[in-house]
Amino acid sequence: MPVVAGIDLGGTAVNYTIVDQQEKFLIDNLCEHPALSRQGPDVCLGQIAEGLQVAVERAGVLFAEVVAVGLDTPGPASSAGQLSARGSTNFVHPQWAGFDIREVWRTSLANPSPI
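Only a predicted model underlies this, so the values are computations on that prediction, with no experimental measurement involved. (Residues numbered from 1 in each chain as written. Predicted model: local features only at pLDDT ≥ 70, side-chain atom pairs only at ≥ 80, totals over all residues. Heavy atoms only, no water.)

**Regarding the overall build of the protein**
In terms of helices and strands, the protein carries 2 helices and 4 strands. Burial status across the protein gives 40% buried among its 115 residues. A separation threshold of at least 6 residues defines the contact pool for the protein, and within that pool the share at least 24 residues apart is 51%. Of the roughly 6600 Å² of accessible surface on the protein, a fraction of 52% belongs to carbon and sulfur atoms. (Helix = DSSP H or I, 4+ residues; strand = E, 2+ residues; numbered from the N terminus. Buried < 20%, exposed > 50% of the residue type's maximum accessible area, 1.4 Å probe, protein only. Contact = heavy atoms within 4.5 Å. Areas by Shrake-Rupley, 256 points an atom, 1.4 Å probe, with all protein chains shown as cover.)

**Topic: the side chain of D20**
Considering the arrangement of structural elements, one finds D20 in the loop between β2 (13–19) and β3 (31–34). Of the polar contacts made by the side chain of D20, one reaches the backbone nitrogen of Q22; its length is 2.9 Å. Here the side chain of D20 touches K24 through a polar contact of 2.9 Å, landing on its backbone nitrogen. (Polar contact = N/O pair within 3.5 Å; in protein donor to acceptor, adjacent residues only side chain to side chain.)

**Quick notes on the nonpolar core**
Of all hydrophobic cores here, the largest spans 28 residues; its most connected members are L9, Y16, I18, I48, L52 and W96. At the level of elements, β1 (3–9), β2, α1 (41–59) and α2 (101–110) are the ones that each hand at least two residues to this core. It is α1 that provides the largest number of residues to this core, a total of 8 residues. Those residues in contact with W96 that sit more than four places away from it in its chain are L9, S37, G40, P41, C44, L83, S84, F91 and I101. (Core = buried A, V, L, I, M, F, W, Y, C linked by side-chain atoms within 4.5 Å.)

**Digging into the packing of aromatic side chains**
If you walk through the whole model with that rule in mind, you get 1 aromatic pair. A centroid spacing of 5.4 Å and a plane angle of 75° characterise the contact between W96 and F99, whose relative ring orientation is edge-to-face. An identical accessibility class is assigned to W96 and F99; each is buried. (Phe/Tyr/Trp six-rings, centres within 6.5 Å; stacked < 30°, edge-to-face > 60°.)

**Some details on the environment of T17**
Structurally, T17 is set in strand β2. In contact with T17, other than residues within four places in its own chain, are V4, A5, G6, F25 and I27.

**Observations concerning α1**
Its 19 residues give α1 an end-to-end C-alpha distance of 26 Å, which sits within 8% of 27 Å, the value for a rise of 1.5 Å per residue. All buried positions along α1 are accounted for by P41, C44, L45, Q47, I48, A49, G51, L52, A55, V56 and A59. (Expected span 1.5 Å × (residues − 1).)

**Describing the sheet that holds β2**
Reading across the sheet, the 4 strands line up as β3-β2-β1-β4 and stay open at both edges, with mixed pairing between neighbours. Looking at which strands have only one partner, the edges of the open sheet turn out to be β3 and β4 (66–72). With direction set aside, neighbouring strand axes in the sheet form an average angle of 20°. Relative to β3, β2 is paired through 4 bridges, and the arrangement is antiparallel. Note that in β3 the partner of V14 across the bridge is H33. The sheet strands contacting α1 are β1, β2, β3 and β4, and the helix crosses β2 at an angle near 40°. (Pairing = 2+ DSSP bridges. Axes fitted to C-alpha atoms, helices over the stretch in contact; angles between N-to-C directions.)

Geometric values such as these leave the question of function open.
And the structure:
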């Protein structure tokens, strides 16, 4: 069954949801983990991938059934997924400035070995 994942990446927490084709939320309760964004993109994106696996399991679907991921980040980003070079108040680690989160996330999902 194809599903869509929603991820809200904040400075203090990462929240996940999974929605089916009928727009039904498959996770009843809050699926939240503390954010590791202050430790930089490498650590934080690994944490997001691990949390997504937990969310998928909680929703009772397979990771392979996730056909799209919506990712919400704090602060300004381009329509292509590049975070502002000025950074964000919640993303204080210097490697976040100008970080191309969409490309890195797409690449990591195409090769999901950490999950």
